[in-house]
Amino acid sequence: MNDTITDTYTALDILFNDYKRELNEIGVMKNDKKYISIGLDFDGTVVMHNYPDIGPEIPYAVDIIKEYSDKYNVVWILNTMRTGPLLEDAVNWFMERGIELYGINHNPKQDEWDSSTKAYAQVYIDDSNVGCPLIASKDYRPYVNWKGIDEKMRPILEYLNK
């Protein structure tokens, strides 16, 4: 029987240690560094919902994504429902902003240890996730609040990069 963890610091310590173990076992290696993989949705997460078109860029998304890539050794796996030309549009959106994608609906490293069709990442950022900070809009469906994401993610990334 599992005990429920009610102490936030104990829970975070267990989570962080598990992330570190996972990074050592199956993490992404680039240039002799361990990278944290983050699955990233597109519509409602980096652009406002306007499917099948691409909506306006969500404030702070690009800046935070670039900072995490540079400062915290994050690689991004685009994890979207878009396919065909609509997927190409999303990939081009990232390229036009100088954001490198490690994977597109797939984690290339995953082939070494699993054949699942689900793109594996240590963390997923998606407007559909329970608890994801959102901003309500009168013109679009609710979309990701990247300042809220940063408040939650930065302490984790700083810990993992010690």
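A brief look at the structure comes next. (Residues numbered from 1 in each chain as written. Predicted model: local features only at pLDDT ≥ 70, side-chain atom pairs only at ≥ 80, totals over all residues. Heavy atoms only, no water.)

Things to note about the overall build of the protein
So, point 1. Helix and strand counts for the protein come out as 4 helices and 7 strands.
So, point 2. Ordered by position in the sequence, the α and β elements of the protein form the string α-β-β-α-β-α-β-β-β-β-α.
So, point 3. Every one of the 162 residues in the protein was classed for burial, and the buried ones make up 43%.
So, point 4. Within the protein, contacts between residues separated by at least 24 positions form 66% of all contacts whose residues are at least 6 apart in sequence.
So, point 5. Total accessible area on the protein is roughly 9500 Å²; 50% of this is exposed by carbon and sulfur atoms. (Helix = DSSP H or I, 4+ residues; strand = E, 2+ residues; numbered from the N terminus. Buried < 20%, exposed > 50% of the residue type's maximum accessible area, 1.4 Å probe, protein only. Contact = heavy atoms within 4.5 Å. Areas by Shrake-Rupley, 256 points an atom, 1.4 Å probe, with all protein chains shown as cover.)

Considering unusual backbone geometry
So, point 1. The amide bond that connects Y51 to the next residue, P52, takes the cis arrangement and shows omega of 10°.
So, point 2. Position of P52 among the secondary structure elements: in the loop between β2 (33-40) and α2 (61-72).
So, point 3. At Y60, a position not held by glycine, the phi torsion is positive, near 75°.
So, point 4. Within the secondary structure layout, Y60 lies in the loop between β2 and α2.
So, point 5. With relative accessibility at 44%, the residue Y60 sits in the partly exposed group.
So, point 6. A positive phi angle is found at N105, which is not glycine, with a value near 55°.
So, point 7. Relative to the elements of secondary structure, N105 occurs in the loop between β4 (101-104) and β5 (123-125).

As for the layout of surface pockets
So, point 1. Size it by volume and the largest pocket reaches roughly 270 Å³.
So, point 2. Listed by contribution, the elements that provide at least two residues to the lining of the largest pocket are β5 and α4 (146-160).
So, point 3. Looking at the lining of the largest pocket, the element that brings in the most residues is α4, giving 4 residues.
So, point 4. A breakdown of the residues in the lining of the largest pocket according to their chemical character gives 10 nonpolar, 3 polar and 1 charged. (1 Å grid on protein atoms, 1.4 Å probe; cavity = no way out; pocket = protein on both sides within 12 Å on 5 of 7 lines; lining within 4 Å. Points joined across faces, edges and corners; volume = space filled by probe spheres on them. Nonpolar A, V, L, I, M, F, W, Y, C, P; charged D, E, K, R; others polar.)

Considering the nonpolar core
So, point 1. Among the nonpolar cores identified, the biggest contains 36 residues, and V46, W76, F94 and W146 are the most heavily contacted of them.
So, point 2. Filtering out sequence-adjacent residues up to four positions away, W146 remains in contact with L40, T45, V46, I58, P59, Y60, A61, I64, I65 and I125. (Core = buried A, V, L, I, M, F, W, Y, C linked by side-chain atoms within 4.5 Å.)

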